[in-house]
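# Understanding the architecture of this molecule
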Amino acid sequence: MLVENLAVLVLAGFVGFAVISKVPNTLHTPLMSGTNAIHGIVLLGGLIVAGLGAEGVLDKVLLVIAIAFGTINVIGGFLVTDRMLGMFKNGPKRDGSAK
Amino acid sequence: MLVENLAVLVLAGFVGFAVISKVPNTLHTPLMSGTNAIHGIVLLGGLIVAGLGAEGVLDKVLLVIAIAFGTINVIGGFLVTDRMLGMFKNGPKRDGSAK
Amino acid sequence: MTANTVVGVPKESAAGERRVALVPKVVERLRARNLSVVVEPGAGLAALIPDDAYVHSGATLGDPWAADVVVKVAPPNETEVGALRAGSVLIGFLAPLTDPGKAKALRERGVTAFAMESIPRISRAQSMDALSSQANVAGYRAAMLAAEHLTRFFPMLTTAAGTVPPAKVLVLGVGVAGLQALATARRLGAHTTGYDVRPEVADQVRSVGAQWLDLGIEAAGSGGYARALTDAEREEQQRQLGKAITGFDAVITTAQVPGRTAPTLVTAEAVEGMRAGSVVVDLAGESGGNCELTEPGEIVVAHSVTVASPLNLPATMPEHASELYARNVQALLELLVDADGALSVDFTDEVVAGACVTKEA
Amino acid sequence: MTANTVVGVPKESAAGERRVALVPKVVERLRARNLSVVVEPGAGLAALIPDDAYVHSGATLGDPWAADVVVKVAPPNETEVGALRAGSVLIGFLAPLTDPGKAKALRERGVTAFAMESIPRISRAQSMDALSSQANVAGYRAAMLAAEHLTRFFPMLTTAAGTVPPAKVLVLGVGVAGLQALATARRLGAHTTGYDVRPEVADQVRSVGAQWLDLGIEAAGSGGYARALTDAEREEQQRQLGKAITGFDAVITTAQVPGRTAPTLVTAEAVEGMRAGSVVVDLAGESGGNCELTEPGEIVVAHSVTVASPLNLPATMPEHASELYARNVQALLELLVDADGALSVDFTDEVVAGACVTKEA
Amino acid sequence: MSRETGIQLLYIVAFALFIYGLMGLTGPRTAVRGNWIAAAGMGVAVVATLLTPGLGNWWLILLGVAIGTAVGVPSARQVKMTAMPQMVALFNGVGGGAVALIAWVEFRESAGFAHAPGHVAVASLFSAVVGSVSFWGSLVAYGKLQEVITGRPVGIGKLQQPLNLVLLLVSAACAGVIIGGGDAEVLILGLLLSAAALGVMVVLPIGGADMPVVISLLNALTGLSAAAMGLALDNTALIVAGMIVGASGTILTNLMAKAMNRSIPAIVAGGFGGGGGAGPAASGDQTVRRTSASDAAVQMAYANQVIIVPGYGMAVAQAQHAVRELADMLEARGVEVYYAIHPVAGRMPGHMNVLLAEADVPYERLKEMEDINREFSRTDVAVVIGANDVTNPAARTDPSSPIYGMPILNVDESRSVIVLKRGMAPGFAGVDNALYFDAKTSMLFGDAKSSVAEVTEELKAL
Amino acid sequence: MSRETGIQLLYIVAFALFIYGLMGLTGPRTAVRGNWIAAAGMGVAVVATLLTPGLGNWWLILLGVAIGTAVGVPSARQVKMTAMPQMVALFNGVGGGAVALIAWVEFRESAGFAHAPGHVAVASLFSAVVGSVSFWGSLVAYGKLQEVITGRPVGIGKLQQPLNLVLLLVSAACAGVIIGGGDAEVLILGLLLSAAALGVMVVLPIGGADMPVVISLLNALTGLSAAAMGLALDNTALIVAGMIVGASGTILTNLMAKAMNRSIPAIVAGGFGGGGGAGPAASGDQTVRRTSASDAAVQMAYANQVIIVPGYGMAVAQAQHAVRELADMLEARGVEVYYAIHPVAGRMPGHMNVLLAEADVPYERLKEMEDINREFSRTDVAVVIGANDVTNPAARTDPSSPIYGMPILNVDESRSVIVLKRGMAPGFAGVDNALYFDAKTSMLFGDAKSSVAEVTEELKAL
Ligand SMILES: NC(=O)c1ccc[n+]([C@@H]2O[C@H](COP(=O)([O-])OP(=O)(O)OC[C@H]3O[C@@H](n4cnc5c(N)ncnc54)[C@H](OP(=O)(O)O)[C@@H]3O)[C@@H](O)[C@H]2O)c1
Ligand SMILES: NC(=O)c1ccc[n+]([C@@H]2O[C@H](COP(=O)([O-])OP(=O)(O)OC[C@H]3O[C@@H](n4cnc5c(N)ncnc54)[C@H](OP(=O)(O)O)[C@@H]3O)[C@@H](O)[C@H]2O)c1
Ligand SMILES: NC(=O)c1ccc[n+]([C@@H]2O[C@H](COP(=O)([O-])OP(=O)(O)OC[C@H]3O[C@@H](n4cnc5c(N)ncnc54)[C@H](O)[C@@H]3O)[C@@H](O)[C@H]2O)c1
Ligand SMILES: NC(=O)c1ccc[n+]([C@@H]2O[C@H](COP(=O)([O-])OP(=O)(O)OC[C@H]3O[C@@H](n4cnc5c(N)ncnc54)[C@H](O)[C@@H]3O)[C@@H](O)[C@H]2O)c1
């Protein structure tokens, strides 16, 4: 199981590496924001740990915070990225007309 | 197990896709030859099936052929690719001197 | 014919003719082909080539008229025809189409004469094509002349004292000279436009960065030349050109149809329509001119427009014009002699046959 | 001073002066500034500007000498000084450094005179800088002149009759005129090189695609001008230039030091070293010339080298030269009048103070 | 198909969507769509997780999600454009915080990973350390950018590095003891706190100008911690997503650092100053904004109208052909391009005309000063190529300046200005140019010819 | 760490090497190294497999490997460069064959996959079908290229498509019955044979010119079959390697088809002809070789000396600035570039000089005919840009030609020639140019200006 997961890990690393090869500087910030939103996936960890049983009050409180954090990361991340990218759309409005 | 393998499969597909994005035409043939050599990995299948027990004579014969085929694919593939790429090396001999 | 043919280079006698038929560099090459060269003292002076330079390159100074082959630039005058030895060979511009009398005189004198302008314009003979080489010089000089007489700048200049727009230059008749004029004017920064009746010229005009003026009249003739226009076509052309010309600062005309008087492209009315200070340079003066107001060889100012019709522009740049002409002559000479330098003329050769205007009987 | 100042434009009287101090376009602008303009009949003719054009732009024809402000190009001759109204203003080139007598005569006449050449060369006054605008014309014409007198092509041309190498052009003294000469020669296809004693010029020379000839002599003066060289420097310069010049087909010289005779850069010996058919164009003729063989205003041929020293090149392109000059004059005039068009001269203004050579007592 | 298998398949779908979305994010054309594709992937992943058999504590989950949504949506919606970077830092930080908290809870629930396989403990503790560093580091970064904390580097000098090392060793030691069997809560708390201190200590000494790189680095770290958590929880979606972010984030950090002429080790070592990416010769305390060829390219590519202002520097660099090529490329994209020719640009009358004619620029594109000055306010980008004095607003505003009174090109009226020159040297008149310190001006330093060529190349890649 | 785990880790190392090697293969600089890195990965994978606990039948394995080596090494070493493509086809074919054979053996050993999980049977049978198609298809491709079989399309017309469909259905049906529980050997044989017939039938109707695309497609298929086998055998290395080849091979096939102006469906449908990528107007039966901008770029980039031969077409296209830029780029890479100026190139004396001077080409780079003609034999690439008559060897060899006797530029003496023109139209003299049909000439069709620009762009990407 661990080994299979390692295979997945390595492959995912290559994917990340191969995808971001050369991006224009202007996209650096939105791209950072986008990847930031993706690692909001930690929310899943919160869900699983909480869903499969958290007993103590402290644990519950911590988990609620963790889940809230994760949610903020996910939702906020995608929204902010979208807004950033919106700025680009204003520019190339005549994009269709250009060749 | 199957599902983990599927994850690996999908990721590997993305890697293949992301790596070969834009290659000069001149490298098409060596690249084809190189990937050709890589799928010579089927040799492993032959080794496993043979090594973990083949009983009938026919099976044995078939497996020897399969292993031979796989070996030809691997060795021939890499050698031919190297020879093809050798043709490129003749050209850029002054590459060091260029900026 | 004797081995080691002697080539004579006389001093040109025509007024304003500063060219010379051979230059020292070419003399050297002819010497290497086993030809002797006799140069009349002072032959190169007008082209600023001292006699020394000829001697240095292996020529001797002496009487060129006694030579086996006499090479000239301008057609020989009567005295010169008389000076030619019977049985000798003459090479030069001979104006066979416009001055047939000359050919007759030469024939009577017993001279074999080759006219540079009659060399067929085929690929193989391009190195002998003196019409092209001299038209090229003329085109360059024509553009310079237009720039000189224009009271305005050719290039656009944005300066603290205001912006000067680029001059608009129109070339009518875009053969070799016209193309070079377009290219030179554009180099100087002018906004250039070309016009011709041969439709294939459109691409050539664009190929020197100029615009093509399309009047919808096509009149391609044979051999890459234009044909004469019909009366109706001519009228239509003049009318349309008259309108178009108004907008230009300089008009350079080079339109010619071999053996005919030049077509009138720029009417007096059209000149009147031009802005004061504009210029017309008419290269077709020799055959009557493309402009109604042209007085061949003169510079006239009418309605504040300068109409210049220089007659022998190549002669105003004698050194290179002579050098290019000499190379043309050399190429022809090499066709006429064998490896030992003896004359051996093959009259079945397309080029030789085309160039020959009279043959020793 | 009365409102609606009248500006008078006389016909230029100097020999060969084809420029005129105001052109119709500028007359219009002055009219918009509430100035009246009186033009002497025929004032624009030499520049091919008909009287009609002036009238059309709002000027009246009449006696310009009665005007409040008289604008000229060349310095007034004695008669003209006499024709000036006492208390009037004169604007034009007045040669204050080389002809101080003129200023005296004007002062005696009671005229306030502004010399175009004395306007300080500061950023704000660039639009009045007639030295620059006319030097620009001169540089352009100088390059054309060199091309005209050279017996060779400027551009490189590979043709069926052989290849012609590009002409090599050297410009000595690279101020405004020199830079424009370099740029124009290069446009025509020449291989260009520049030389000056001010080291900052090296970059400027390169900025018009020319090469920099470095002789290691630096002599930057004040105000962007060069200082005069010491004797030792001069000798060294002449020696080195003499060697360098040999390789050039055309040399254009523009070296000047304000208020002094022009330095000799091209010795007779250097000219002798040049190839036959080469050209020297000396723009410093007015202050004695940069070439030892220069005869100001003349074209001399020595050792088969043409040495031309045109005296008033801008006048050879009268229309644009006048237009640019008129714009300079307009900018100065606008500084001298108030919004109503009344004269209101602020002698504390740096530009006004600099330009003023005499003031009505 | 079992429910488990179904969940796993959904996870595969989810990460495939992440990757596909991320591919989209690397190009300006597909970025918006890419972002939403990735978001869809996230939706799939969350749904899949909620399908996990035996999931309980729903009110807990709901509460967390509700709080998160309530906080996240409005803050993302309302944040000002200029405050985006610190927002990203904050979002990244809470992500790291979540990881750290989850690891903590896991520790508590499993009695110090008593019965879990070794790799689970290692992975969990790794995620705890990295998550905590990320959380606190991001908070500091946020504070700096929001100017709650000073933007200038704050450090303790030479002791910084040893201190950081000690903090790292403390957390590693805690982890070691836990893996070795320790289950005292103080261990995990010690680990989290020392990691927190480390995060603060590493980021504090870094100047505000370098913050974007730091945030990107912390982002990559949070990704890695997510991947580690995935290993601990045996969750493919977490592994893949975390690792992709870890890998791509690392590359991205590198690219960003390179674009800013910084090296990551140098940044992390805290050697850099607080100036906002100051130019080579910021005059006085004013700072100029540098830009890169690729940013300049994007700016021009998405403009409606670009005005090129050539000057003496273009002539010196003989960049006229390169400039023409750039303009052609822009025009091919539908951008309107004009050349503003100042009457005294260069060093001789008509200097720019001669050069631009040589490069065959059509006459119609050349505009005189009076005509073009009306256009600047309608122009998205003014590209000043080796011009200086002719764009200097001091000519309008400063009567003491030697160029006062000279008419100039009003480039400062355009929406943004990119200035190409080699350094901060003055022009012919020898005076400083306030234009360079204008907020909407960015400088692309270098020889004009090579800078223009670089921009052109970047344009082609867009 | 158990041996199993060790093996798995080695597999991970192996495919990481494959991927890393493949990344290298995509650039000319790193390709050779990339190939050997991938080969090293293969070595690791083989070693890992041989470590599998309980592996036996060593002599069988040894025999197979020995035979394979004995056959593979010499054939790879000795094959002529020109026969490389068919060699690749052959190697690909045997790979596919191996897969098919293994699936067959597995069928026999497991009594028709009686006790294996469903997905193992599915994957195995898929690999069997694809492997068989690949094997036989590759053999046909080999035969066509080696000219054992005719290069021209061989087909049965309209019935082709239905027949292929029937064959596909037959193998699918066999597979279905096997999965449903069938274990008769005839089933697997039927499957293999119908797949074999399918492979033959699909490739036979395709013309020789399209073979490279077909081989690439079969290559991708073999990759997929390897991945399927990996699923069946639960072998990560096989899955990853096979899938990478499958995916990258698909993209590559697409790229190749695009470069040749073909569509894959059209090729597979067998609609295309046998001409070797004929130009738009091959005169008579002679064929010309087309090239692409990127190939031209690679050719020039790796040359020592390039001679540019401009002609009237360059003037018409006003491509002088673009040509200058291309030359600059080549020179920056250390390539020696000259311009060969023919005395009558263009339409007026000095036509090329005027244009090249406008583009600011240094005079030293312009060479006259006599000087440059000595250079061609030492030149790697002559780039003919819109010139025609001045390069026509008929001027030397054909006394009946109107240009006979005109001195020409001996471009045909250089090692290779790239001709840029719009089509096959003749020049001023109106005669055909044998240069275009020369084996070492390749044609880049299109307007000279855009072609040159494309080549420049490709050069930058190298
Ligand atoms: N046109 C005329 O007739 C004339 C005549 C004489 C004087 N002037 C004066 O010249 C000035 C002209 O203004 P301008 O704006 O054109 O030029 P400028 O003010 O002189 O500025 C030119 C700028 O270009 C930069 N530069 C130089 N070489 C460069 C290169 N290779 N690459 C990139 N940048 C380079 C320099 O900055 P870096 O060193 O930092 O790169 C410099 O600041 C005015 O002050 C005008 O009054 C004009
Ligand atoms: N130099 C002179 O003084 C002079 C004067 C008159 C005649 N000539 C004659 O002109 C000829 C010159 O030879 P050359 O080799 O320079 O030219 P050429 O033989 O006329 O050939 C030019 C070629 O350029 C191609 N072309 C045209 N436009 C193009 C474009 N936009 N892009 C790409 N290719 C284009 C044409 O083929 P596609 O249409 O297929 O593209 C044509 O085959 C000689 O025969 C010479 O004798 C020369
Ligand atoms: N084959 C070769 O190698 C070769 C060599 C040199 C020239 N040529 C060709 O020969 C041709 C003639 O060149 P040229 O310079 O001797 O020509 P030219 O001097 O006889 O005439 C000049 C131009 O005037 C034009 N013209 C004539 N009548 C006109 C009218 N009514 N209106 C407008 N234009 C009119 C002609 O079309 C021609 O272009 C050109 O096409 C040239 O390309 C071919
Ligand atoms: N500030 C402005 O806006 C402005 C406007 C116009 C001109 N200028 C500057 O004024 C300066 C003078 O220009 P100009 O054209 O009036 O100069 P000029 O006519 O006085 O002199 C011409 C050139 O000759 C050079 N020279 C003098 N002695 C020499 C010698 N012995 N050898 C070689 N060269 C010698 C000078 O350096 C100068 O470059 C230039 O630098 C120009 O850029 C400035």
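The structure reproduced in this document is the subject of the present report. These numbers come from a predicted model, not from an experiment.

### Structural notes on the nonpolar core
Residues Ile41(A), Ile41(B), Ile19(E) and Ile19(F) are the most contacted members of the largest nonpolar core, which totals 256 residues. Residues contacting Ile41(A), with those up to four places away along its chain left out, are Val74(A), Phe18(E), Met42(E), Ala45(E), Ala226(E), Ala237(E), Leu238(E) and Ala241(E). If you look at the next biggest cluster of nonpolar residues, it comprises 93 residues, including Phe154(C), Leu188(C), Ala250(C) and Leu188(D).

### Topic: the packing of helix 3 (residues 42–51) of chain B against helix 2 (residues 31–50) of chain F
Here helix 3 of chain B crosses helix 2 of chain F at 10 degrees, and the two axes come no closer than 10 Å. Accordingly, the angle class assigned to the pair helix 3 of chain B and helix 2 of chain F is roughly parallel. Together, Leu43(B), Leu44(B), Leu47(B) and Ile48(B) of helix 3 of chain B and Ala45(F), Val46(F), Thr49(F) and Leu50(F) of helix 2 of chain F make up the contact between the two elements.

### Quick look at helix 7 (residues 185–203) of chain F
Residue and element names in this part refer to chain F. Here helix 7 is 19 residues long and its end C-alpha atoms lie 27 Å apart, about the 27 Å a rise of 1.5 Å per residue gives. Residues of helix 7 that are buried include every one of Leu187, Ile188, Leu191, Leu192, Ser194, Ala195, Ala196, Leu198, Gly199 and Val203, and no others. Structurally, helix 7 contributes buried residues whose contacts are with helix 4 (84–109), helix 5 (118–145), helix 6 (160–179) and helix 8 (211–233).

### What to know about unusual backbone geometry
Of note in this structure, Asn34(D) is not a glycine but carries a positive phi near 70 degrees. Tracing the sequence through the fold places Asn34(D) in the loop between helix 1 (24–32) and strand 2 (36–39). Asn34(D) sits in the partly exposed class, given a relative accessible area of 38%. A positive phi angle, near 50 degrees, is found at Gln318(E), a position not held by glycine. Structurally, Gln318(E) can be placed in the loop between helix 12 (312–317) and helix 13 (320–332). Its relative accessible area of 16% is what places Gln318(E) among the buried residues.

### A few points about the interface of chain D and chain F
Taken residue by residue, the interface counts 11 residues in chain D and 12 residues in chain F. Across the chain D to chain F interface the summed buried area is about 930 Å²; carbon plus sulfur atoms make up 60%. The residue Arg186(D) makes a salt bridge to Asp360(F) at a minimum N-O spacing of 2.8 Å. Take the side of chain D that touches chain F: its biggest share by element is 3 residues, from strand 7 (residues 157–159) of chain D. By residue class, the composition of the side of chain D that touches chain F is 5 nonpolar, 5 polar and 1 charged.

### So, the interface of chain A and chain E
With 82 residues of chain A at the interface, the matching set in chain E holds 105 residues. Contact between chain A and chain E buries roughly 8300 Å² in total, counting both sides, with carbon and sulfur atoms accounting for 76%. Looking at the side of chain A facing chain E, the largest losses of area belong to Met32(A), Ile38(A) and Arg83(A), adding up to 8% of the total buried there. Where chain A meets chain E, there are 1 salt bridge. Put simply, chain A and chain E have 15 residue pairs in polar contact (both at pLDDT 80 or more) between them. Of all the secondary structure elements, the ones that give two or more residues to the side of chain A that touches chain E are helix 1 (2–19), helix 2 (28–38), helix 3 (42–51) and helix 4 (57–90) of chain A. Considered class by class, the residues forming the side of chain A that touches chain E number 47 nonpolar, 24 polar and 11 charged.

### A short note on the sheet that holds strand 5 (residues 416–421) of chain E
In any sheet, the strands associate via hydrogen bonds between backbone groups, in a parallel or an antiparallel arrangement. All names here are of chain E. What the 6 strands build is an open sheet, ordered 3-2-1-4-5-6; its pairing is parallel. Only two strands of the sheet have a single partner each, and these edge strands are strand 3 (366–368) and strand 6 (441–445). Direction aside, the axes of adjacent strands within the sheet are offset by 25 degrees on average. Where strand 2 (residues 336–341) meets strand 3, 3 bridges bridge the pair, whose relative direction is parallel. Note that in strand 3 the partner of alanine 340 across the bridge is lysine 367. The strands touched by helix 13 within the sheet are strand 1 (305–310), strand 2 and strand 4 (381–385), with strand 2 carrying the most contacts at an inclination of about 145 degrees. Where helix 14 (residues 351–358) meets the sheet, its contacts fall on strand 1, strand 2 and strand 3, and the angle it forms with strand 2 comes to roughly 145 degrees.

### Points about the pattern of salt bridges
With the rule as written, the count across this model stands at 60 salt bridges over all chains. Of the charged contacts in the structure, one is a salt bridge between Asp59(A) and Arg108(E), with a shortest N-O distance of 2.2 Å. With Asp59(A) in helix 4 and Arg108(E) in helix 4 (residues 84–109), this residue pair bridges two chains. Assessed through its relative accessible area of 3%, Asp59(A) is described here as buried. We classify Arg108(E) as partly exposed; its relative accessible area is 26%. Arg365(E) is paired through a salt bridge with Glu336(E); the nearest N and O atoms lie 3.5 Å apart. Of the two residues, Arg365(E) sits in the loop between helix 14 and strand 3 while Glu336(E) sits in strand 2, which places them 29 residues apart along the sequence. In this structure Glu336(E) comes out as partly exposed when scored by relative accessible area, which is 31%. Linked through salt bridges whose partners overlap, the residues forming this network are Arg152(C), Asp249(C), Arg275(C) and Glu319(D).

Cut-off values and rules
- Residues numbered from 1 in each chain as written.
- Chains lettered and ligands numbered in written order.
- Predicted model: local features only at pLDDT ≥ 70, side-chain atom pairs only at ≥ 80, totals over all residues.
- Heavy atoms only, no water.
- Core = buried A, V, L, I, M, F, W, Y, C linked by side-chain atoms within 4.5 Å.
- Buried < 20%, exposed > 50% of the residue type's maximum accessible area, 1.4 Å probe, protein only.
- Contact = heavy atoms within 4.5 Å.
- Axes fitted to C-alpha atoms, helices over the stretch in contact; angles between N-to-C directions.
- Helix = DSSP H or I, 4+ residues; strand = E, 2+ residues; numbered from the N terminus.
- Parallel < 35°, antiparallel > 145°, perpendicular 65-115°, else oblique.
- Expected span 1.5 Å × (residues − 1).
- Buried area = accessible area lost by both parts, 1.4 Å probe.
- Salt bridge = Lys/Arg side-chain N within 4 Å of Asp/Glu carboxyl O.
- Nonpolar A, V, L, I, M, F, W, Y, C, P; charged D, E, K, R; others polar.
- Polar contact = N/O pair within 3.5 Å; in protein donor to acceptor, adjacent residues only side chain to side chain.
- Pairing = 2+ DSSP bridges.

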